[in-house]
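Report on the structure
One-letter residues, chain by chain:
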Amino acid sequence: MKSGFWKTDWFFGLVVAVVVLVAGGSDILRSLERKAYDLGVKASSRSPSDKVAVIAIDKQAIDNIGRWPWSREVHARMVDLLSAAKAKVIGYTVFFAEPQLDPGYQYIVKLLDIAERSPDAGAGASAGASGQLVALLKEAEEALNTDRKLAASLQRAGNVVLPMLFALGEPRGKPDKPLPEFVRRNALALQGGGADLPELTSAIDVPVLDALGGATAAVGHLNAVPDVDGAIRTEALAVTYYDEFYPSLAVMIVAKSLNLSAADVKIRAGDSLQIGNLKVSTDPASRMYTYFYANREGKPAFPVDSFYDVLAGKIPADKYRDKIVLIGPTAAGVGSIFVTPASPATPSVAMQAHTVSSLLQEHFFVVPAWAPIAELLIYLLVAAYVILVLPRLKAGPAAALTGGALVLLIAAHFGLMLQQALWVQLMVPATLLLAGHLALVTKRFIVTERAKLKSDEDSAESNRMLGLAYQGQGQLDMAWDKFRQVPRSEALLENLYNLALDFERKRQFNKAEAVFRHIHEFNPKFRDVEAKLTRAKQLSETVMLGGAAAAGRTNTSILGEGGTVEKPMLGRYQVEKELGKGAMGVVYLGKDPKIGRVVAIKTMALAQEFEPEELTEVKERFFREAETAGRLSHPNIVTIYDAGEEHDLCFIAMELLKGGDLVPFTKTAALLPAEKVVSIVARVADALGYAHKQGVVHRDVKPANVMYHPDSDSVKVTDFGIARLTDSSKTKTGMVLGTPSYMSPEQLAGKKVEGRSDLFSLSVSLYQLLCGKLPFEADSMAQLMFKIANESPTDILSINPNVPPAIVAFLDRAMAKNPDDRFQSGEEFAQALRAAISGGSAGAPRTERPAAGGQGVDIEL
């Protein structure tokens, strides 16, 4: 045998096959089989029996009738009610295990005994008093003996089946005493079959009371046998108690519904159970694989009524005529809850409903006798594929064949369950197929990676040499690209350091910063790289767009003698640092050296945003917009100081604002008080009203364009005219697609936009600031535009019920689809909003305003 035998693919596949086979008996793979079984149950679709109904002892019933357990007189009344309504069978899942006697009952019995034996009971005038006392004591004794009342009701009904509970496990000796007669009359006969017996039990853990058991039509066990993962999938149709066999509660309920007795129920050990002419296939332990019915349209599979509603007459008892009625607890903490394929929390009474329906309609799954042989053959076929075929295939055909085989196994599993109600366990072969393929792919990948590692070591030196060659030719970008493909080492850091210095010499400080950062990540102590990185970052922060080679003042920072930095200029403003990114460019902190005014400079690289043939027109529009916005003088509108152009870089110098925009206050966890929101929005409305009178429409009102400083409580509206300018840019930065949620219906429709559209956008912002959600939300742009144009906004009270009613009425009018139905001016908007928060009526009929004063007219540029 060769020394590398163990490395061969087929030997690797053999190891995987053996491992999966051994693991097939583990809880993990057995649980996987059960999960696949559950999916098959859920995928099938069968209708539950309409003869089964559930009366639940739920929270409503306990709240109205009283604490659990109830007096047995309550159960007696329910049995009498259902019996009078001609219910076919009444099945209880409640255990009546102990006598229920009032604490005073024994004293009443003693008093009654004394009164009856009294010598004065029949003497003279006192005889009448003694007789009344005896009658009263008898009446009290009758009222306090609730067990006798329930037994009488069960006797009259004649169709009630009660549960009993066995202790599962193999008995070690003989029983302590014979079972009560009312239990033994439910014993089943065993007919032929194999050597297998039903579930073994050693004792009756909770027997039914003799007084009640003797009055019942039948009793049956209510033992649940959990599967390997703790879930309940089967019903033990019978259990073995020493040398006797007793049916389950569900079996006896079905037998009584067919007018049969225990004598008509036969067990064929290891094969089936027969109820009259109804044959139910079972596993070797006489367990049936129950079919669990799916809920329908959010409602339970079986009709469920509250015990209290039926007892109180809210639900007519005639509803249960000829029905199998199951009564049991569903309230939390009262009854048992089980994990089933239908639900992770199935009450015992609901589980019995599924079992009874499965028996009546023969809806159950069967594990055929040939299943183990078929499972073994399929496993061997898959193992042969993994060991002998898969190693010979290339990656593509192997993936296709493995995928096809996996789909075939899964289809066979579900097909047998859905079409034939047969359960054949195919998840172990499927696991072997998937694990074998992944293991082989992983092995080949590791071998390939080892080969690649050696190849990479050879190519790393080639890339380093190419990088040095490109650097020597002045092609620094290509050199940087090659150096990045080389694993970092101390020797490479020398090359990178020199490259970064070359970038600095060419004043490409942002690229120099990137190279220094690459060095710093590997070795922060290399030479003076920390100082170089800080310096390069400082320089890159003031790098501007534009032609550095153009005549006049340059837009890039200039490296002076001794490492000093000359800060760039835009117009007459000296650029200090970058503040952030704007809609179409960068915003810088600037200073006017002559008067010392500090400003914010918003730049726009128009040459990069617009086509060359339209650049001239766009610049003209830009400066007209800046001029128009500069004419606006209002305490709540940002002040424009200057506008200019530097080497195709247009800029606007404006008031430097403190604080930030309103976007952070649109989050649910950071909402401002309603009074503060109204104060801010009302001031924005005042500002818009002023701008509209000047003939200026904002077009992009939203929280991001309103600046607010909490300490000074100052509000400023920004970006007038920018939205109009960006409509024709190449990248469409800031166009309608950027903020459609705030657009008015007429703006989305492409109609003429005027002041009332701004007020609609402001009302959307008000809505969001009050509750943290947008009034219109959708999964796609088309759906969103349709909702804004046609549907009412989401009720704000469903999101934030604390919004004042007057504000709700205000929003209804402010977001009207028809502009004529909204507030007609910013002043009217602000006045109505302030009145709403102070207790006025926001929904009052609007007053007509002159068009010139009420609506802004969009400037045609």
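In this text, all values refer to a predicted model and were calculated from it rather than measured experimentally.

Basis of the calculations
The written sequence of each chain sets the order in which its residues are numbered from 1. This being a predicted model, a pLDDT of at least 70 is required before a residue's local features are given, and a value of 80 or more before pairs of side-chain atoms are given or counted; all residues contribute to the totals for chains, interfaces and linings. By convention in this description, side-chain values take in all heavy atoms of the structure and omit both hydrogens and water. The numbering of helices and of strands both runs from the N terminus, where a helix is a DSSP run of H or I of at least 4 residues and a strand a run of E of at least 2. Three labels apply to residues, based on accessible area from a 1.4 Å probe with only protein chains included: buried if under 20% of the type maximum, exposed if over 50%, partly exposed otherwise in between. Whether two residues touch is decided by their heavy atoms; if any such pair falls within 4.5 Å, the residues are in contact. Here the open area of atoms and residues is found with the Shrake-Rupley method and a 1.4 Å probe, where only the protein chains shown may cover a residue. The rule for pairing is simple: two strands pair if DSSP sees at least two bridges between them. The salt bridge criterion pairs a side-chain nitrogen of Lys or Arg with a carboxyl oxygen of Asp or Glu, the two atoms within 4 Å. Fitted lines through C-alpha atoms give the axes, limited to the stretch in contact for helices. The angle between two N-to-C directions lies from 0 to 180 degrees. Reported orientations rely on four angle classes, namely roughly parallel under 35 degrees, roughly antiparallel over 145, roughly perpendicular from 65 to 115, and oblique for the rest. Crossing handedness is defined as follows: a turn of the near helix away from the far one that is anticlockwise and smaller than a right angle gives a left-handed crossing, while the clockwise case is right-handed. As a working rule, the residues Ala, Val, Leu, Ile, Met, Phe, Trp, Tyr, Cys and Pro are called nonpolar, Asp, Glu, Lys and Arg charged, and the rest polar, with Gly in that last group. Patches here: salt-bridge-free residues with over 30% relative accessible area, like charges joined within 9 Å, nonpolar side chains (Val, Leu, Ile, Met, Phe, Trp, Tyr) joined within 5 Å. Only the six-membered ring of Trp is used, alongside the rings of Phe and Tyr, when aromatic pairs are assigned; centres must lie within 6.5 Å, and planes under 30 degrees apart are stacked while those over 60 apart are edge-to-face, with the rest tilted. Criterion for a charge above a ring: Lys NZ or Arg CZ within 6 Å of the ring centre, and within 35 degrees of the ring normal. In predicted models, pLDDT denotes the confidence assigned by the predictor to each residue on a 0 to 100 scale. Polar contact is defined as a pair of N or O atoms within 3.5 Å, subject to the rule that within protein one atom must be able to donate a hydrogen and the other to accept it, and that residues adjacent in sequence are counted only when both atoms are side-chain atoms.

Focus on the overall build of the protein chain
- For the protein chain, the helix and strand inventory stands at 29 helices and 29 strands.
- Across the 861 residues that make up the protein chain, the buried fraction comes to 47%.
- Long-range contacts, defined here as pairs at least 24 residues apart, represent 71% of the contacts in the protein chain between residues at least 6 apart.
- Accessible surface computed for the protein chain: about 41200 Å², of which carbon and sulfur atoms make up 55%.

Points about the sheet that holds strand β22 (residues 573-581)
- Ordered in space as β21-β22-β23-β24-β26-β25, the 6 strands form an open sheet in which the pairing is antiparallel. Bordering the open sheet on either side are β21 (569-570) and β25 (640-646), each of which pairs with just one other strand.
- As defined by bridge partners, strand β23 (residues 586-592) adjoins strand β24 (residues 597-604) across 6 bridges and the pair is classed as antiparallel. Bridging from a neighbouring strand, Lys591 pairs with Val598 of β24.

Looking at the pattern of salt bridges
- Taken as a whole and assessed by the stated rule, the structure comprises 32 salt bridges.
- Among the ionic pairs, Arg287 bridges to Glu199, the shortest N-O distance being 3.1 Å. Pair noted here: Arg287 is in strand β13 (residues 287-290) and Glu199 is in strand β5 (residues 199-206), with a separation of 88 residues, a long-range link.
- Two residues, Glu746 and Arg822, come together in a salt bridge whose shortest N-O distance is 2.8 Å.

Overview of the packing of helix α22 (residues 674-693) against helix α28 (residues 826-837)
- Put simply, α22 and α28 touch, their axes get as near as 7 Å, and they point 165° apart. The angle between the axes of α22 and α28 places the two elements in the roughly antiparallel class. As for the relative orientation of α22 and α28, their crossing is left-handed in sense. Side by side, α22 and α28 meet where Ala674, Glu675, Val678, Val681, Ala682, Arg683, Ala685, Asp686, Gly689, Tyr690 and Lys693 of the first sit next to Gly826, Glu827, Phe829, Ala830, Leu833, Arg834 and Ile837 of the second.
- By residue class, the composition of the contact of α22 with α28 is 10 nonpolar, 2 polar and 6 charged.

Concerning a nonpolar patch on the surface
- Side chains of Ile373, Leu376, Leu377 and Leu380 sit close together on the surface and give an oily, nonpolar patch of about 410 Å² of accessible area.
- Here Ile373 lies in helix α13 (residues 371-389).
- Among the residues examined, Ile373 registers a relative accessible area of 58% and is labelled exposed.

Some points on the environment of Gly571
- Its place among the elements puts Gly571 in the loop between β21 and β22.
- Sequence-wise, Gly571 and Phe651 are 80 residues apart; in three dimensions their C-alpha atoms are separated by 8.8 Å.

As for the sheet that holds strand β7 (residues 234-236)
- Pairing within the open sheet is antiparallel, and its 3 strands lie in the order β7-β13-β18. On the outer flanks of this sheet lie β7 and β18 (364-365), each paired with one strand and no other.
- Sheet analysis places β7 next to β13, joined by 3 bridges and oriented antiparallel. Across the sheet, Ala236 pairs through a bridge with Arg287, a residue of β13.

Comments concerning the environment of Val424
- Position of Val424 relative to the elements: it lies in the loop between α14 (395-420) and α15 (427-472).
- Taking the relative accessible area as the measure of exposure, Val424 reaches 4% and is therefore buried.
- Separated by 52 residues in sequence, Val424 and Pro372 place their C-alpha atoms 8.0 Å apart.
- Those residues within four positions of Val424 in sequence are excluded, and the remaining contacts are Pro368, Trp370, Ala371, Glu375, His413 and Leu416.

Things to note about the packing of aromatic side chains
- All chains considered together, the criterion is met by 19 aromatic pairs.
- On the numbers, 5.1 Å between centres and 70° between planes, the contact of Trp68 with Trp70 is edge-to-face.
- For Trp68, a relative accessible area of 26% puts it in the partly exposed group.
- Seen from their ring centres, Phe823 and Phe829 are 5.8 Å apart, and the 75° between their planes marks the pair as edge-to-face.
- On the accessibility criterion, Phe829 (1% relative accessible area) is buried.
- Put simply, the rings of Tyr37, Tyr289, Tyr291, Tyr293, Phe302, Phe365 and Trp423 pair up and form one aromatic cluster.
- Between the NZ or CZ atom of Arg46 and the centre of the ring of Tyr291, over which it lies, the distance is 5.3 Å.
- Here the guanidinium or amino end of Arg597 rests over the ring plane of Tyr641, the centre of that ring lying 4.0 Å away.

Examining the pairing of strand β1 (residues 52-57)
- Extensive coverage of β1 is indicated by the burial of 6 of its 6 residues.
- Here β1 shows a buried face lined by Val52, Val54 and Ala56 and a second buried face lined by Ala53, Ile55 and Ile57.

What about the pairing of strand β10 (residues 265-269)?
- Along β10, the buried face is formed by Val265, Ile267 and Ala269; none of Lys266 and Arg268, which line the opposite face, is buried.
- The sheet contact formed by β10 and strand β11 (residues 272-275) spans 4 bridges and is antiparallel. Looking across to β11, one finds that Ile267 is bridged to Leu273.
- Taken together, β10 and the strand that follows it, β11, pair antiparallel across an intervening segment of 2 residues, in which Gly270 is found at a positive phi of about 75°.

Regarding unusual backbone geometry
- Omega for the peptide link from Trp68 to Pro69 comes to 5°, which places this bond in the cis form.
- Looking at where Pro69 falls in the secondary structure, it is placed in the loop between α3 (59-65) and α4 (72-84).
- Even without being a glycine, Ser286 presents a positive backbone phi close to 60°.
- Along the chain, Ser286 falls in the loop between β12 (278-281) and β13.
- Residue Ser286 is classed as buried on the basis of its relative accessible area, which comes to 2%.

Some points on the confidence of the model for the protein chain
- Mean pLDDT for the protein chain: 81, with 80% of residues reaching 70 or above.
- Here residues 725-738 scores under 50 on pLDDT; set against residues more than four positions off or in separate chains, the count is 31 contacts.

Examining the side chain of His221
- When you line up the elements, His221 lands in strand β6 (residues 218-221).
- Overall, the relative accessible area of 1% leaves His221 in the buried class.
- Only 3.1 Å separates the side chain of His221 from the backbone nitrogen of Asn223, close enough to count as a polar contact.
- In this structure the side chain of His221 is engaged in a polar contact, spanning 2.8 Å, whose partner is the backbone oxygen of Ala236.
- If sequence neighbours within four positions are ignored, His221 has contacts with Met164, Phe166, Ala236, Leu237, Ala238, Val239, Tyr246, Pro247, Ser248 and Leu249.

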